[in-house]
Amino acid sequence: MTLHAASREALDLAERTLGEVLAGAGAEPAKVGDELLSVVDLLDREIGLRRAVGDSSVAPESRQGLVRRLFDGKLSEQALKVLDTVAGSRWSSPRELVDGLESIGRSALLTAAEKAGNVETVESQLFQVARIVAGAPELEAALSDLTAPAEAKRTLVRELFAGKVDAVVETLVEQAVQRAKGRGIGNALDKLVALAAERRERSVAYVTSANALTDEQRALLGTKLDGIYGRPIALHVEIDPALGGGLVVRVGDEVIDGSTSGQLAAVRRTLSRA
């Protein structure tokens, strides 16, 4: 998510408000996250409302009053306090306001996972969902179809994953599917994996191996990558026999290709230039 300066300041303020709200007695992070993401869905559908809430030329008190009139009694007081901050802040555009609100809603859900002690499970399940979607072109096409009704895609996600993954994972995936643009669903799911890893103060390494790795091999690879990047790395491994042997490791935009197929491709490129 790329935000302009004003929006970054607004997001920082909203995140501080969220932290204060969730630190209070009786706070329910998962409920707050669900409620904030439901507002994201509404603002995505209602262009006029989105523009009204994000119009920086209108007094902050007026925008906050609009939000209160719409949602008072429909959302928890914790969610309303966060929305007060969002609506009262200056965003670079209405669209960036919605993107920021989505980020805050996701943060609340990941806080719920932290409090339940299962952030690592959420991260692992998000990775598995991302790989399932990436490995099924028809499913990816269905979830990326811009002409398909939003509720139909939401229902498809529930049919596939309800009861099989953590509730936080299901909600995050539904939201990613709702807001992904065209074929961007794979990238959106990978970003969720990275967000969960950040909660454990780790970066993500996507490892593709020709063969299953033993626990000892995973530990050794993790230690080497920690040393290379100077920070803790969370490994997510998938098997692809087509590699022939070795590994392909992707961390951010950097790819380390130690596979047999990668080495052969490099030789072919060298020969073609000779």
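About the criteria used
- Residues numbered from 1 in each chain as written.
- Predicted model: local features only at pLDDT ≥ 70, side-chain atom pairs only at ≥ 80, totals over all residues.
- Heavy atoms only, no water.
- Helix = DSSP H or I, 4+ residues; strand = E, 2+ residues; numbered from the N terminus.
- Buried < 20%, exposed > 50% of the residue type's maximum accessible area, 1.4 Å probe, protein only.
- Contact = heavy atoms within 4.5 Å.
- Areas by Shrake-Rupley, 256 points an atom, 1.4 Å probe, with all protein chains shown as cover.
- Lys, Arg positive; Asp, Glu negative; His and termini not counted.
- Charge placed at Lys NZ, Arg CZ, Asp CG, Glu CD.
- Pairing = 2+ DSSP bridges.
- Core = buried A, V, L, I, M, F, W, Y, C linked by side-chain atoms within 4.5 Å.
- Salt bridge = Lys/Arg side-chain N within 4 Å of Asp/Glu carboxyl O.

Draft legend 1. Layout of the overall build of the protein chain. What the protein chain contains, in helices and strands, is 13 helices and four strands. A principal-axis box enclosing the C-alpha atoms of the protein chain has dimensions of 65 × 40 × 40 Å. Within the span of the protein chain, comprising 274 residues, buried residues form 44% of the whole. Across the protein chain, every contact between residues at least 6 apart in sequence was considered, and the portion connecting residues at least 24 apart equals 70%. Within the structure as shown, the protein chain displays about 14000 Å² of accessible surface, and the carbon and sulfur contribution to it stands at 52%. Between the averaged position of the 34 positive side-chain charges in the protein chain and that of its 40 negative side-chain charges there is a distance of 4 Å.

Draft legend 2. The arrangement of the pairing of strand E3 (residues 247–251) in detail. Pairing of strand E1 (residues 203–209) with E3, which is carried by four bridges, proceeds in the antiparallel orientation. Bridged to Tyr-206 within E3 is Arg-250. Pairing between E3 and strand E4 (residues 254–257): four bridges, direction antiparallel. Bridging across to E4, Arg-250 finds its partner in Val-255. Hairpin connection from E3 to E4: two residues lie between these consecutive antiparallel strands, with Gly-252 at a positive phi of about 65°.

Draft legend 3. How the structure looks around the nonpolar core. In terms of nonpolar packing, the biggest core is built from 61 residues, with Leu-126 and Leu-189 touching the most fellow members. Top contributing element to this core by residue count: helix H6 (residues 94–116), with eight residues. Residues contacting Leu-189, with those up to four places away along its chain left out, are Val-129, Ala-130, Val-133, Val-173 and Ala-176. If you look at the next biggest cluster of nonpolar residues, it comprises eleven residues, including Leu-213, Leu-221, Leu-225 and Val-251.

Draft legend 4. Geometry of the pattern of salt bridges. Scanning the model with the defined rule gives 18 salt bridges in all. A salt bridge links Glu-102 to Arg-179; the nearest nitrogen and oxygen atoms lie 3.0 Å apart. On the criterion of sequence distance, the pair formed by Glu-102 in helix H6 and Arg-179 in helix H10 (residues 167–179) is long-range, its members being 77 residues apart. Exposure class is identical for Glu-102 and Arg-179. Each is buried. Between Arg-199 and Glu-114 there is a salt bridge, and its shortest N-O distance comes to 2.8 Å. Separated by 85 residues along the polypeptide, Arg-199 in helix H11 (residues 185–199) and Glu-114 in helix H6 bring together distant segments of the chain. Judged by its relative accessible area of 36%, Glu-114 falls in the partly exposed class.

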